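Each chain, written out:
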Amino acid sequence: EDDPLTTRGNRPRSRRNKSGTKGGRAVGRKMVRRGMEMLVGGEPINADPPQRSLELNYYRKHPKLWPRSVTTNSPDFGPLMHMHSAGKVPRESIGLFCENFVDIAQKWKICPDDLKTVVSEHEVRRRNEEAAAEHAAAVEAREERTLPSVSDEDIDNLMASLSESNSADISGLEVDVDTGTIKDGSGRVVKFNPRELNAPKGFGASPSTPKQSTPKQSKKRITRDSRGGGSGISDKSLSPVHTLGSGRSEDSDNNTSDDGIKDDKMMFTLGGELKFSLGVTRTELESGHGGHGHGSAFRRVLREGIGASINAKEMGFDVNISKLVMVDVEGGATDVMVQFQLDPRDAMDIGEAERAAKEVNGALASAMNDGKMAMSLAHVAREEKGWTAKIRDRIVEEFLFETEDDDEDKGFDEGDGQEEEDGVEDDESDFEYDEEEEYDGPFGMEGDIIYAKDDIWLGGGNGGVFFDYSETNAKNAPYQGKLGPYLVDAAVDRARQNQPKVIAIGDVHGCIDELQALLRKCDYHPGDLVVFLGDLVCKGPDSLSVVQMAREIGAIGVRGNHDFEVVRWHQAIKSGADPPVIGSEHYYVASALSTADLKWMYSLPWFISSSHLNALFVHAGFVSGIRLAKQNPRLMMNMRSILPDGTVTSKFFNNWPWARLWDGPQTVFFGHDADRGLQQYEHAIGLDTGCVYGGKLTACILPERRLVSVNAKREYFQYRRKHFD
């Protein structure tokens, strides 16, 4: 069967075309699919990976050489992952690599306990060193200070003056009233009783001199009135988060004892405002089964969606909707203004409240900027049972489209309008990139960055695909190279007991919590390699975090059908394609992921082979009897069954799994087929156990081929595939 994919070399490329623009926006640039091929404005756009396959090497090396145990034939994922570059990485850079590993592992809550101990010991050493340095600096400063020599008569006069009026000219002397000492520049020390300075003269104080009392010192108490304050987020659709009030009255402050300040906790309420428009009517938003919704379904979606987007529960807050205003606008749309409160589950003091407000502000800003807010609202709306299915689907689509910018296409042709005004004729220069411009087009097309062969760091991290752990970047490492040697020693000690391992993981589908739990259970350490079997994104709660985490921990993987659609949409968007008419989660993910995350996904091949592990890694499967070089990428991402007449199909036929026909000799590790769950054949192991459907997330640890799994927290996506006999 002919491969429907066309090669990159014979595909024309276009960046700008003024004949297809109007009013500063691209028109008629629709993306059209023809099997695996994609057209934008009638022109083919390439979405193939830079390499059709990767070769994975696994060696049992000396413990000190643990960084070279697992490598590939691709430089895209960093020099320690590249078989020809790993030996060129110095020990100092390996230390920086370990520092980044620990920093990222702590961020994603997957750091092993032994490395946490190393970090804790380092922090103790650092604090001790800083304290010692501060003490030495203070001693040195004191020794360098010079004081004039003072005669005995001067000191006697000073004592008399202090005794008479509690004040005197003490220039040139060090006077410590608390300890009762006077020191001059020659080092002489004179002792006196500080209580004598305030003692009454004769039998009592002079009647003409009123008795003066020393004011008591008290700590300042910071209060916040019910009007709130604080700074927030500068976003056109989100008001600043502010403190709405506290659960204590000002009277309670007045009752505070003079002897000390009570360290009482308070109940603070944080709040914010969200504004957006949806292409459905107010009546539809307020609807419910039987016509008695009164907007309760929409309130639930807002409450749970806002909370999920900022991880409110993890931060200790409950979200409540305090005000909801919906206004019908022309064209059957609705303008929505929602004010929400974040109520803490536990009382907190002023400092904790201010830190919480700052954390919430950051979370809301991130949720708005990276589209996570719209995604969370869409996911919650998809599961809402209070609407009819038709209305629910429309609302989900509208939430997904809420992430689009009004001027999203301006980067595609903004220069053309200016050229027309200046009277510059259209010529071939419209298809050229300025060499000094930073490339921002489709990956792998003309104008994309090509690194020198001897640049093992690929320009400092291959556009963010991996952390630049070169020695020249030590200042940007999490611990500036100070912790690295200790972490390297810890990694060597571990390698003496346990060789680095390969962890193959089935379909994640955005289930970030389960992925973190699985890696903790697999005892993930530096030197281990995670291989994802495709479909990291879509359907689940947090596709963006899954891809970001996969990239940051240095994982690799193969392309799944959902990953491919995301990459394809990215290539289309960068080629000037119009947004889809019907809501697409793939379009949203492609729009919301960072460039580094998208480039990492783009670098994933169709399949990975490993002669050392006698293994193949693919998303869906292979057709037995066809050489790997001739396998069809569309089938490798979609197939599930092979019928008796040889028909290869993506449908689930209960008695005809493709894996049963695979005769090796290499064992295939694959995903995609959640219908059958965990599959174990002589030469094939299926690891898609339906986590996103409420099942499990499963990994296979190589080379021992040990299975590890964790249960899904809940069902994120309703299962509805048809079965055939």
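Cut-offs and rules
Residues numbered from 1 in each chain as written. Predicted model: local features only at pLDDT ≥ 70, side-chain atom pairs only at ≥ 80, totals over all residues. Heavy atoms only, no water. Phe/Tyr/Trp six-rings, centres within 6.5 Å; stacked < 30°, edge-to-face > 60°. Helix = DSSP H or I, 4+ residues; strand = E, 2+ residues; numbered from the N terminus. Buried < 20%, exposed > 50% of the residue type's maximum accessible area, 1.4 Å probe, protein only. Lys NZ or Arg CZ within 6 Å of the ring centre and 35° of its normal. Pairing = 2+ DSSP bridges. Contact = heavy atoms within 4.5 Å. Axes fitted to C-alpha atoms, helices over the stretch in contact; angles between N-to-C directions. Core = buried A, V, L, I, M, F, W, Y, C linked by side-chain atoms within 4.5 Å. pLDDT = per-residue confidence, 0-100. Salt bridge = Lys/Arg side-chain N within 4 Å of Asp/Glu carboxyl O. Disulfide = S-S within 2.5 Å. Parallel < 35°, antiparallel > 145°, perpendicular 65-115°, else oblique. Left-handed = near helix turned anticlockwise from the far one by under 90°. Nonpolar A, V, L, I, M, F, W, Y, C, P; charged D, E, K, R; others polar. Polar contact = N/O pair within 3.5 Å; in protein donor to acceptor, adjacent residues only side chain to side chain.

Enquirer: Explain the packing of aromatic side chains to me, and be specific about the residues and the numbers.
Expert: Enumeration according to the criterion identifies 13 aromatic pairs in this entry. Between Phe607 and Phe622, the ring centres sit 5.7 Å apart and the planes meet at 85°, which makes this aromatic pair edge-to-face. A residue pair is termed long-range when its members are at least 10 positions apart, and Phe607 in strand β18 (residues 607-610) and Phe622 in the loop between β19 (615-618) and α19 (633-638) qualify at 15 residues. Here Phe607 falls in the buried class, since its relative accessible area comes to 4%. By relative accessible area, which is 0% here, Phe622 ends up buried. Connected via pairs of aromatic rings, a cluster forms that spans Phe97, Trp457, Phe466 and Tyr469. Across the ring face of Tyr486, the terminal group of Arg125 is positioned such that the distance to the ring centre comes to 3.8 Å.

Enquirer: Which residues make up the sheet that holds strand β27 (residues 706-711), and what values go with them?
Expert: Strands pair in a sheet through their backbones, by hydrogen bonds, and they do so in one of two ways: parallel or antiparallel. Taken together, the five strands give an open sheet; going across it, the order is β17-β16-β15-β26-β27, and neighbouring strands pair in mixed fashion. With partners counted over all chains shown, the strands left at the sheet margins are β17 (556-557) and β27, one partner each. Here four bridges tie strand β15 (residues 502-505) to strand β16 (residues 529-532), and the two strands are oriented parallel to one another. Bridging from a neighbouring strand, Val502 pairs with Leu529 of β16. Taken strand by strand, helix α14 (residues 512-521) contacts β15, β16, β26 (696-702) and β27, and its axis lies near 140° from that of β27.

Enquirer: I'd like a rundown of the nonpolar core, residues and numbers included.
Expert: One broad trend across soluble globular proteins is that nonpolar side chains are buried collectively. Ile505 and Phe617 are the most contacted members of the largest nonpolar core, which has 105 residues in total. Here the element with the most residues in this core is helix α1 (residues 91-107); it accounts for seven residues. Setting aside its immediate chain neighbours within four residues, Phe617 contacts Leu56, Ala504, Val531, Leu533, Val558, Phe607, Ile608, Phe669 and Leu702. One finds Ile310, Ala363, Leu377 and Ala378 within the second-largest nonpolar core, a separate group that totals 42 residues.

Enquirer: Outline unusual backbone geometry, supporting the account with residue identities and numerical values.
Expert: In the segment running from Gly664 into Pro665, the intervening peptide bond is cis, with an omega of 5°. Here Pro665 lies in the loop between β22 (652-653) and β23 (667-670). Here the amide bond leading from Leu702 into Pro703 is cis, since omega sits at 15°, within 30 degrees of zero. You can see Pro703 is positioned in the loop between β26 and β27.

Enquirer: With reference to specific residues and values, describe the confidence of the model for the protein.
Expert: The predicted coordinates of low-pLDDT regions are not to be read in fine detail. Looking at the protein, pLDDT values average 77 and 70% of them are 70 or higher. Overall, residues 1-27 carries pLDDT values under 50, and its contacts beyond four positions in sequence, including any with other chains, amount to 70 contacts. Every residue in residues 402-436 is under pLDDT 50, and counting partners more than four places away or in other chains gives 52 contacts.

Enquirer: Break down the pattern of salt bridges for me, with residues and values.
Expert: Tallied over the full model, the rule gives 18 salt bridges. Residue Asp523 is joined to Arg494 by a salt bridge in which the shortest nitrogen-to-oxygen separation is 3.0 Å. Of the two residues, Asp523 is situated in the loop between α14 and β16 and Arg494 in helix α13 (residues 484-497); the sequence distance between them amounts to 29 residues. Sharing partners across several salt bridges, the network here consists of Lys107, Arg551, Glu552 and Asp597.

Enquirer: Give me the lowdown on the sheet that holds β23, citing residues and values where you can.
Expert: Here seven strands make up an open sheet; going across it, the order is β7-β6-β18-β19-β23-β25-β24 and the pairing mixed. Bordering the open sheet on either side are β7 (70-72) and β24 (679-680), each of which pairs with just one other strand. Bridging between β23 and strand β25 (residues 684-686) involves three bridges; their strand directions are parallel. In the sheet register, Val668 faces β25, and the bridge partner there is Ala684.

Enquirer: Report on the state of the cysteines, specifying residues and quantitative values.
Expert: Within this structure, the stated rule accounts for zero disulfides. Left unpaired, Cys511 is separated from the closest cysteine sulfur, that of Cys691, by 3.8 Å.

Enquirer: Give a description of the packing of helix α16 (residues 561-574) against helix α18 (residues 595-602) that names residues and reports values.
Expert: For the pair α16 and α18, the least separation of the axes is 10 Å and the interaxial angle reads 120°. By the criterion of interaxial angle, the relationship of α16 to α18 is oblique. Note on packing geometry: the crossing formed by α16 with α18 is left-handed. Facing α16, whose interface residues are Asp563, Val566, Val567, His570 and Gln571, α18 presents Leu598, Met601 and Tyr602. Its residues assigned to classes, the contact of α16 with α18 shows five nonpolar, two polar and one charged.

Enquirer: Tell me about helix α17 (residues 585-592), and name the residues and values.
Expert: Counted residue by residue, α17 has seven buried out of eight residues, so it is predominantly covered. Along α17, the positions that sit buried rather than exposed are Glu585, His586, Tyr587, Tyr588, Val589, Ala590 and Ala592. Of the residues that open α17, the one with a side-chain oxygen 3.3 Å from the backbone nitrogen of His586 is Ser584.

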